[in-house]
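Spelled out from the first residue to the last, the chains are:
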Amino acid sequence: MVRMSVLADCLKTITNAEKRGKRQVLIRPSSKVIVKCLQIMQVHGYIGEFEIVDDHRANKIVIELNGRLNKCGVISPRFDVAYDEIEKWIVNLLPSRQFGHIILSTTFGIMTHEEARRKKTGGKIIGFFY
């Protein structure tokens, strides 16, 4: 079967492993967007360390889970989000105001909605986690 979205597969695999109470999860294939999203999740403390394993193909990622992630997902299609529309998306996607993060792809790189607000920029919505 053909993979439509590598990022969607990755985030769904992480959510399923977290629900089952696993300590580690193996993600394959890897991509730059997946690595950047994982770095953001790691900075905010939702996942532990992750290691990229080079298998001379599309690489694998081994992620240490710490039990803090409730749900993560991808938003498809990647809607355009203007700076003043970010609040509307926060209300629609996240369970409460001070809880969770939305991942945006901006001209300054991939970042959370909080960083995008600080830089006063919009972008395309990639996904969310809380």
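First things first, this report covers the structure right here in the doc. (Residues numbered from 1 in each chain as written. Predicted model: local features only at pLDDT ≥ 70, side-chain atom pairs only at ≥ 80, totals over all residues. Heavy atoms only, no water.)

## Description of the sheet that holds strand 2 (residues 47–53)
For step 1, the next point in the chain: One open sheet holds the three strands; their spatial order is 1-3-2, and the pairing between them is antiparallel. Among the strands making up the open sheet, the edge pair consists of strand 1 (24–27) and strand 2. Sheet twist, expressed as the average angle between the axes of neighbouring strands with direction ignored, equals 20°.
For step 2, the next point in the chain: Sheet topology note: the strand 1/strand 3 (residues 60–65) ladder contains four bridges and is antiparallel. Counterpart to V25 in the pairing with strand 3 is I63.
For step 3, the next point in the chain: Contacting strand 1 and strand 3, helix 1 (residues 6–20) crosses the sheet at an angle of about 160° to strand 1.
For step 4, the next point in the chain: On the sheet, helix 2 (residues 32–43) packs against strand 2 and strand 3 and is oriented at approximately 155° with respect to strand 2. (Pairing = 2+ DSSP bridges. Helix = DSSP H or I, 4+ residues; strand = E, 2+ residues; numbered from the N terminus. Axes fitted to C-alpha atoms, helices over the stretch in contact; angles between N-to-C directions. Contact = heavy atoms within 4.5 Å.)

## Side note on the nonpolar core
For step 1, the next point in the chain: I14, L38, M41, I61, I63 and F129 are the most contacted members of the largest nonpolar core, which totals 25 residues.
For step 2, the next point in the chain: Contributions of two or more residues to this core are made by helix 1, strand 1, helix 2, strand 2, strand 3 and strand 8 (123–129).
For step 3, the next point in the chain: Residue contributions to this core peak at six residues, all from helix 2.
For step 4, the next point in the chain: Residue contacts for I14: discarding those within four places in its chain leaves V25, I27, L38, I63, L65, L69 and C72. (Core = buried A, V, L, I, M, F, W, Y, C linked by side-chain atoms within 4.5 Å. Buried < 20%, exposed > 50% of the residue type's maximum accessible area, 1.4 Å probe, protein only.)

## Topic: helix 3 (residues 86–93)
One turn of the α-helix equals 3.6 residues, which is why residues spaced by three or four share an orientation.
For step 1, the next point in the chain: All of the buried residues along helix 3 are I86, W89, I90 and L93. Along the long axis of helix 3, the arc covered by the buried residues comes to 105°, so they all point the same way. Every exposed residue of helix 3 that faces more than 90 degrees away from the buried side is listed here: V91 and N92.
For step 2, the next point in the chain: Considering only its buried residues, helix 3 is in contact with strand 5 (80–81), strand 6 (101–106), helix 4 (113–118) and strand 8. (Arc of directions from axis to C-beta.)

## With respect to the packing of helix 1 against helix 2
When two helices pack together, you describe them by how their axes are tilted relative to each other and by the distance separating the axes.
For step 1, the next point in the chain: Between helix 1 and helix 2, whose axes approach to 9 Å, the crossing angle comes to 35°. The two elements helix 1 and helix 2 cross, and the hand of that crossing is right-handed. Residues V6, L7, C10, L11 and I14 of helix 1 form the contact with helix 2, whose participating residues are V33, I34, C37, L38 and M41.
For step 2, the next point in the chain: Grouping the amino acids of the contact of helix 1 with helix 2 by side-chain chemistry returns 10 nonpolar, no polar and no charged. (Left-handed = near helix turned anticlockwise from the far one by under 90°. Nonpolar A, V, L, I, M, F, W, Y, C, P; charged D, E, K, R; others polar.)

## Observations regarding the side chain of T121
For step 1, the next point in the chain: Mapping T121 onto the fold places it in the loop between helix 4 and strand 8.
For step 2, the next point in the chain: Note on T121: relative accessible area 11%, which makes it buried.
For step 3, the next point in the chain: Setting aside chain neighbours within four positions, we find T121 in contact with Y83, I86, T106, T107, F108 and A116.

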